[in-house]
Amino acid sequence: SATCTSCGVNTYASGTGNDKCSSCGSGSVSVVGSGSCYQCTAGKYATSNANADVSSHMCASCVAGKSSAAGLESCTACGQGEYSGSGAASCTACAAGKYNGGTGAGSCVSCTAGKRSGGGATQCTSCAVGKYVTSSGASSCVACPEGKMASSSGSATCTSCGVNTYASGTGN
């Protein structure tokens, strides 16, 4: 007796009278017996989960530190100065005061006291001599006030001038 065979995973046959199944395109998936393929949405990638009952269940979320546009077979690691949560369509630049020096990060790290960074930074920069910042996660350094100084770069505080010394103006 003649029988028709269901198309396998990630293949399809639309309409009637087909003599073969066609392969789903890159980043698209289908379950056994499908008449069409399903494109994975942004933040997900195509898998070959043969046990799935619905094509959309064959798409898996990108892990934190990776992202994917719609219709891709894999997720891409975020670059330096970027991060992402799980299921992200794109990576986000680190906020000012934070940095990330590696790739594939799920978060950014705050700059320590005495250092600062702009947005999308891969490292923090030490405050210049005469400037300081007391808190972590700073985007800028502050000039020392009159009568105080920061004699080295990366200072978290300014120190008062000693007995019989002075510092006029700011930024000493």
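Just above, that's the structure.
These remarks concern the structure in this document. (Residues numbered from 1 in each chain as written. Predicted model: local features only at pLDDT ≥ 70, side-chain atom pairs only at ≥ 80, totals over all residues. Heavy atoms only, no water.)

1. A short note on the overall build of the chain
Stated precisely, the cut-off is as follows: Each helix is a run of H or I in the DSSP string that is no shorter than four residues. Each strand is a run of E no shorter than two, and both are numbered from the N terminus. Atoms counted for the radius of gyration: C-alpha only. Globule rule: 2.2 Å times residue count to the power 0.38. Residue contacts are defined here by distance: any two heavy atoms, one from each residue, within 4.5 Å place the two residues in contact. Residue exposure ignores everything except the shown protein chains as possible cover, and the areas themselves are Shrake-Rupley values with a 1.4 Å probe. Positive charges are assigned to Lys and Arg, negative charges to Asp and Glu, while His and the chain termini are left out of the count. To locate a charge, the coordinates of NZ of Lys, CZ of Arg, CG of Asp or CD of Glu are taken.
A count of helices and strands for the chain gives zero helices and 18 strands. Relative to the 2.2 N^0.38 estimate, which gives 16 Å for 172 residues, the radius of gyration of the chain is 28 Å and therefore markedly larger than a compact globule would have. When the backbone C-alpha atoms are referred to their principal axes, the chain occupies close to 110 × 20 × 15 Å. Put simply, of all contacts in the chain between residues at least 6 apart along the chain, 33% involve residues at least 24 apart. Here the chain has roughly 9,500 Å² of accessible surface; of this, 47% comes from carbon and sulfur atoms. Computing the positive centroid from 8 side-chain charges and the negative centroid from 5, the chain places the two 17 Å apart.

2. Considering the state of the cysteines
Basically, it comes down to this: Note on disulfides: each one is a pair of cysteine sulfur atoms within 2.5 Å.
Summed over the entire model, instances satisfying the criterion amount to nine disulfides. Note on cysteine connectivity: Cys62 is disulfide-linked to Cys75, with sulfurs 2.0 Å apart. Here the disulfide of Cys62 and Cys75 is left-handed, its torsion about the S-S bond being about -85°. Here Cys62, found in the loop between β6 (59–61) and β7 (66–67), pairs with Cys75, found in the loop between β7 and β8 (76–77); they are 13 residues apart in sequence, far enough to count as distant.

3. What about unusual backbone geometry?
With a phi close to 65°, Asn10 is a non-glycine residue in the positive phi region. With respect to the element layout, Asn10 can be found in the segment before β1 (11–12).

4. A closer look at the side chain of Ser30
For clarity, the threshold we go by: Only protein chains enter the accessibility calculation, which uses a 1.4 Å probe; a residue is then buried when its area is under 20% of its type maximum, exposed when over 50%, and partly exposed in between. What qualifies as a polar contact is a pair of N or O atoms within 3.5 Å, subject to a donor-acceptor requirement within protein and to the restriction that residues adjacent in sequence count only when both atoms come from side chains.
Relative to the elements of secondary structure, Ser30 occurs in the loop between β3 (28–29) and β4 (38–39). In this structure Ser30 comes out as buried when scored by relative accessible area, which is 0%. One polar contact links the side chain of Ser30 to the main-chain carbonyl oxygen of Thr11, over a distance of 2.7 Å.

5. Examining the environment of Ser48
With respect to the helices and strands, Ser48 occurs in the loop between β5 (44–46) and β6. When the C-alpha atoms of Ser48 and Ala60 are compared, they prove to be 9.9 Å apart, with 12 residues separating the residues in sequence. Contacts of Ser48, omitting those with residues within four sequence positions, involve Asn10 and Met58.

6. Overview of the side chain of Asn100
With respect to the helices and strands, Asn100 occurs in the loop between β11 (98–99) and β12 (109–110). There is a polar contact of 2.8 Å between the side chain of Asn100 and the backbone oxygen of Glu82. Ignoring anything within four residues of it in the chain, the contact list for Asn100 reads Gly79, Gln80, Gly81, Glu82, Cys94, Ala105, Ser107, Cys108, Ala121 and Thr122.

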